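Letter by letter, the chains look like this.
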Number of protein chains: 2
Amino acid sequence: MPDLTPDEFRTLGHLFVDAVADARAGIGRRPVRDTVEPGTVRARFDREAAEEPSPLAGFPALVEAVTGDADTRWQHPGFHAFFPANASLTSLLGDLLSGAAGAQGMLWSTSPACTEVEQAVTDQLARGLGLPEAFTHDGGGGGSIQDSASSAALVALTAALHRAAPDPGTGWRARGVTGRERVYVSPDTHSSLAKAVRVAGLGAAGLRTVACVPGTRAMDPAALRAAMRADVADGCVPVLVCATVGTTSTGASDPVGAIVEVAAEHGAWVHVDAAWAGVAALCPEHRWVLDGVAGADSFCTDAHKWLLTAFDASLLWVRDAAVLPAALSITPPYLRDAASDSGAVVDFRDWQIPLGRRFRALKLWAVLHGQGLSGLRAHLRGHIALAAELARRIRDHDGLELAGEPVLSLVCLRATAGDAATRNLLERVNADGRVLLSGTEIDGSPVVRVAFGSVATTRDDLETLWEILIARS
Amino acid sequence: MPDLTPDEFRTLGHLFVDAVADARAGIGRRPVRDTVEPGTVRARFDREAAEEPSPLAGFPALVEAVTGDADTRWQHPGFHAFFPANASLTSLLGDLLSGAAGAQGMLWSTSPACTEVEQAVTDQLARGLGLPEAFTHDGGGGGSIQDSASSAALVALTAALHRAAPDPGTGWRARGVTGRERVYVSPDTHSSLAKAVRVAGLGAAGLRTVACVPGTRAMDPAALRAAMRADVADGCVPVLVCATVGTTSTGASDPVGAIVEVAAEHGAWVHVDAAWAGVAALCPEHRWVLDGVAGADSFCTDAHKWLLTAFDASLLWVRDAAVLPAALSITPPYLRDAASDSGAVVDFRDWQIPLGRRFRALKLWAVLHGQGLSGLRAHLRGHIALAAELARRIRDHDGLELAGEPVLSLVCLRATAGDAATRNLLERVNADGRVLLSGTEIDGSPVVRVAFGSVATTRDDLETLWEILIARS
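Small disclaimer: the values here were computed from a predicted structure and weren't measured.

Peer 1: Describe unusual backbone geometry, and please don't skip the residues or the numbers.
Peer 2: Residues other than glycine predominantly adopt negative phi, and peptide bonds predominantly adopt the trans conformation. All names here are of chain A. In this structure, Asp312 follows Phe311 across a cis peptide bond, with omega equal to 5°. Phi is positive for Leu308, which is not a glycine, with a value near 65°. Relative to the helices and strands, Leu308 resides in the loop between helix H10 (303-306) and strand S7 (314-318). Overall, the relative accessible area of 0% leaves Leu308 in the buried class.

Peer 1: Mind laying out the sheet that holds strand S2 (residues 181-185) of chain A, listing which residues take part and the relevant values?
Peer 2: Residue and element names in this part refer to chain A. Pairing is mixed in the open sheet, where 7 strands are placed in the order S1-S7-S6-S5-S4-S2-S3. Both outer strands of the open sheet, strand S1 (142-146) and strand S3 (207-209), are each paired with one neighbouring strand and no more. The mean inter-strand angle of the sheet, taken between neighbouring strand axes irrespective of direction, is 20°. With 4 bridges connecting them, S2 and strand S4 (residues 237-244) associate as parallel partners. When the sheet's bridge partners are listed, Val183 is paired in S4 with Leu240.

Peer 1: Break down the packing of aromatic side chains for me, citing the residues and quoting the values.
Peer 2: The tally for this structure, following the rule as stated, stands at 18 aromatic pairs over all chains. Geometrically, the ring pair formed by Phe16 of chain B and Phe59 of chain B is stacked, given 6.5 Å between the ring centres and 15° between the ring planes. On the criterion of sequence distance, the pair formed by Phe16 of chain B in helix H1 (residues 6-26) and Phe59 of chain B in helix H2 (residues 59-67) is long-range, its members being 43 residues apart. On the basis of an interplanar angle of 10° and a centroid distance of 5.5 Å, the ring pair of Trp74 of chain B and Phe82 of chain B is categorised as stacked. Accessibility assignment for this pair places Trp74 of chain B and Phe82 of chain B in one class, buried. Three or more aromatic residues joined by ring pairs form one cluster here, namely Phe16, Phe45 and Phe59 of chain A together with Trp365 of chain B. Just above the ring of Phe83 of chain A sits the side chain of Arg449 of chain A; from NZ or CZ to the centre is 4.9 Å.

Peer 1: Explain the sheet that holds strand S10 (residues 438-442) of chain A to me, using residue names and the numbers behind them.
Peer 2: What holds strands together in a sheet is hydrogen bonding between their backbones, with the strands either parallel or antiparallel. Residue and element names in this part refer to chain A. Pairing in this open sheet of 4 strands is antiparallel, and the strands run S8-S9-S11-S10 from one edge to the other. Taken across any chain shown, the strands that pair with only one partner, and hence form the sheet edges, are strand S8 (400-402) and S10. Put simply, the sheet's adjacent strands are angled 40° from each other on average, direction ignored. For strand S9 (residues 410-415) and strand S11 (residues 445-451), the ladder comprises 4 bridges, and the chain directions are antiparallel. In the sheet register, Leu413 faces S11, and the bridge partner there is Val448.

Peer 1: How would you explain the nonpolar core if you had to name every residue and give the values?
Peer 2: In this structure, Phe9 of chain A together with Phe9 of chain B are the most contacted members of the largest nonpolar core, which totals 192 residues. Once residues lying within four places of it in the same chain are set aside, the contact partners of Phe9 of chain A are Leu4, His14 and Leu96 of chain A together with Val17, Val20, Ala21, Leu89, Leu92 and Leu93 of chain B.

Peer 1: Describe the pattern of salt bridges, with residues and values.
Peer 2: A complete count under the given rule lists 76 salt bridges over all chains for this structure. Close ionic contact of Asp138 of chain B with Arg42 of chain A constitutes a salt bridge, the shortest N to O distance being 2.7 Å. A residue pair is termed interchain when its members come from two chains, as with Asp138 of chain B in the loop between helix H4 (112-129) and strand S1 (142-146) and Arg42 of chain A in the loop between helix H1 (6-26) and helix H2 (59-67). By relative accessible area, Asp138 of chain B is classed as partly exposed at 48%. Linked by salt bridges that have partners in common, Arg42 and Arg47 of chain A together with Asp123, Arg127, Glu133 and Asp138 of chain B make up one network.

Peer 1: Describe in detail the pairing of strand S6 (residues 298-302) of chain B, supporting the description with residues and values.
Peer 2: Residues and elements named next belong to chain B. Here S6 lies mainly inside the structure; 5 of its 5 residues are buried. Two elements, strand S5 (residues 269-273) and S6, share 3 bridges in a ladder whose sense is parallel. What sits directly across from Asp273, in S6, is Cys300.

Peer 1: Outline the packing of helix H8 (residues 221-233) of chain A against helix H9 (residues 256-264) of chain A, listing residues and values.
Peer 2: All names here are of chain A. Two numbers describe how H8 lies on H9: the axes approach to 9 Å, and their chain directions differ by 15°. Comparing their axes, H9 and H8 come out roughly parallel. In this structure, H8 meets H9 at a crossing whose hand is right-handed. Across the interface between the two elements, Pro221, Leu224, Arg225 and Met228 of H8 pack against Ala258, Ile259, Val262 and Ala263 of H9. Here the contact of H8 with H9 is built from residues that sort into 7 nonpolar, no polar and 1 charged.

Procedures and definitions
- Every chain is numbered independently, its residues counted from 1 as its sequence is written.
- Chains carry letters from A onward and ligands carry numbers from 1 onward, assigned in written order.
- Thresholds applied to this predicted model are a pLDDT of at least 70 for local features of residues and 80 or more for the giving and counting of side-chain atom pairs; totals over whole chains, interfaces and linings are not thresholded and use all residues.
- Processing note: side-chain calculations cover all non-hydrogen atoms of the structure and skip hydrogens and water entirely.
- A run of H or I in DSSP becomes a helix once it reaches four residues, and a run of E becomes a strand once it reaches two; helices and strands are each numbered from the N terminus.
- Burial classification: accessible surface area is computed with a 1.4 Å probe over protein chains only, and a residue below 20% of its type maximum counts as buried, one above 50% as exposed, and the rest as partly exposed.
- Pairing between two strands is assigned when DSSP locates at least 2 bridges connecting them.
- A fitted line through C-alpha atoms represents every axis, and for helices the fit uses only the stretch in contact; the resulting angles, taken between N-to-C directions, go from 0 to 180 degrees.
- Between 30 and 60 degrees the pair is tilted, below 30 it is stacked and above 60 it is edge-to-face, where a pair is any two Phe, Tyr or Trp rings, Trp via its six-membered ring, whose centres lie within 6.5 Å.
- A ring has a charge above it when a Lys NZ or an Arg CZ is no more than 6 Å from the ring centre and no more than 35 degrees off the ring normal.
- Take the buried Ala, Val, Leu, Ile, Met, Phe, Trp, Tyr and Cys residues and link them wherever side-chain atoms come within 4.5 Å; each set so joined is a nonpolar core.
- Throughout, a contact is declared for two residues whenever any of their heavy atoms are within 4.5 Å.
- For this analysis, a salt bridge means a side-chain nitrogen from Lys or Arg found within 4 Å of a carboxyl oxygen belonging to Asp or Glu.
- Orientation categories follow fixed angle ranges, with anything under 35 degrees roughly parallel, anything over 145 roughly antiparallel, 65 to 115 roughly perpendicular, and all other angles oblique.
- Whether a crossing is left-handed or right-handed is set by the direction in which the near helix is turned from the far one by less than a right angle, anticlockwise for left-handed and clockwise for right-handed.
- Note on residue categories: nonpolar means Ala, Val, Leu, Ile, Met, Phe, Trp, Tyr, Cys or Pro, charged means Asp, Glu, Lys or Arg, and polar means any other residue, Gly included.

Below, the structure is given as structure tokens:
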């Protein structure tokens, strides 16, 4: 048999599990990011794949030999760059069952288990977050697991384009975009929206960047209203507004409720991108992240960022379960199915860009099962407390300053000595090897971001970070 | 810590590995597809997620209790429906390391290991398949791992749209699609192309279905030429042709070489969708699946269908490594990166729709390592031999007939008694529970498909299938 037997897998699986456990136990002693020249890893491969099999028992050591000095360790306790990518060991257990099931959840009938667990788990999580019941499958909407917030945004945009021109004979599905559709973002909206707009065929011309309320990083509803009215006067069609809760750069949030009101004047879809921050709604004291979301059409937050669930697991909820299939369904004979035709089931292929889909709900279910909502709250609160403590220290330190109030677990800071010093600070801190931070710009000036969120990050790691920040600033 | 400790993971990981091994060892004794009413699985979940953690040791049994009577078992040896989804135990080992690494390969710098292993492994596989060196990273093109052939098609389409109108100020990226772009498919091209065309904003109007050579299921190059010329005369722009090698319905193939010649008259992109059949090029005697591909712009085949690699792992090669980033790159300040700016590295985020990406190359590498090219060929040849044997028996049997010559591991058949009998046959065979077949239509008439390809399928399973086919026909 050209695969392992179950018994061979049993033996090797134990070895691999041990390798993973050992790697996690030792990760804090390694650099967060290796320094490596481009091409180093590729050069270690033969031109041709081997003709004959090699024993898999040696594979973990081979991977270490080939890549061990050329990695960026997102699971390292000192990883505070970008946003986290919580590949918790808990979720890996669920993911192992998912891989083993090897189910294709494209149709309900191709894996009722995959489909219905996803419905149940996203419904449970919607309630845990405090989303309106309308966003649940029980309530006429529903959640789905996408690969990323980028794809979720593209899916929402297709739904918005269809809703704006639903006629089967003359609408979006029939004639495509017209070049008059407009999508509204703020200067800090994630670049995935611009990418979705490009992929959807609207071009840069279709993207309107609405100014922020002066002195803030939040979209100005008055400016949005003015932009929409001007566009309508020009013969354009406001199709979608993306309201961000927790921007990538600084953690700022747009006023979702006010945006919903403005969008309603033109029937535009409101997509809320809370990719990073949204999961904080599990904690009642942070439920402000859902302010205004009750009026939105879609809401996205990533379980794979800060909710202990290994990539990929981006959660997209919509208020109207019918609109995604209406926008995206195409049924050739080989996908025709009695259960689908009955209308009694959800076929998740029609909720996403690809056709095939993994049983991703299993890893999320494992997290809910193994941690409980209380464990998830403790996880979130731990990082938020670290951010508050770091912010307190920065306020009391002469050489550093906050670039704004911390938002949840994100702290933005700069050197008081100016832009060059801030750039130097980022470079020198990262050169230490024990922590990794990332940079961004606010109004053209550099800012250093500290995004707490790795599963392994503890109070000790804050002390390490602080020590390095002080020494290098 | 709101996650397992490495030692807890070690213990539980062994338990989960054992559960996977037991499930695989026993899968053949279960039905391929459970019969279950919609809503059954959902009804077993509480409305709210539990507040407190539960021991993960009980999770495999819980999953079995909730979903064990409501699954479609794609890894079952009697699964011959659709195309296979090879979640080999070999690849699961690699996937476990991938999950544990938890790397985000969006930029080279965010995981040099993820990026370069993907480059190396897709280069090795390109050579194993016999793709021209131009499709390798070494040769100026390159491969990437996408989630699915659907996404690969959409990526190819964005590249084609950009190449057809590259001007930064007035081209596709700036003004979007114009409504005059045309994409060419055959009646049997996979529906993912129609979906990509829709998502890209071209609408059904942008999709031209080109007739087949009479009496075949292969696109007629003369009809393609006529369609393109008529479109150009109408002021339209031929942007992309999808040539399929191994259609989903019947395994038919379009004449890629001739299509390449026609497309060249108008500078249209040729995308080759060989999602299922392409991997057969590993066997010299089946290398015809690459006929004409040397002239194409992109080539897609799925490692997750028939190449032992757990979903998702769709391989997309392009001849020009620069065109995907040119089409898809958008760089906000928080993604700016010195290595990227140097031009010395590949950032795979610009080769795909999403931003984030898993270290999927590890599971493919594990397969190459653990099976070798010789093992992969044995895997493919085993299923192809089963198809040949089944076809031989059908030819000799009065009640059944081939709907066409078998293609690789796919056999299409019907009942000699006519359409109603064919529909009944499919229903009755699947009701047995030991095998699962799927149906399609050829010229409006039902056809039963037998797609061999599950990792566990052996000669014994052919005997079982044959016994059931005879008994139910």
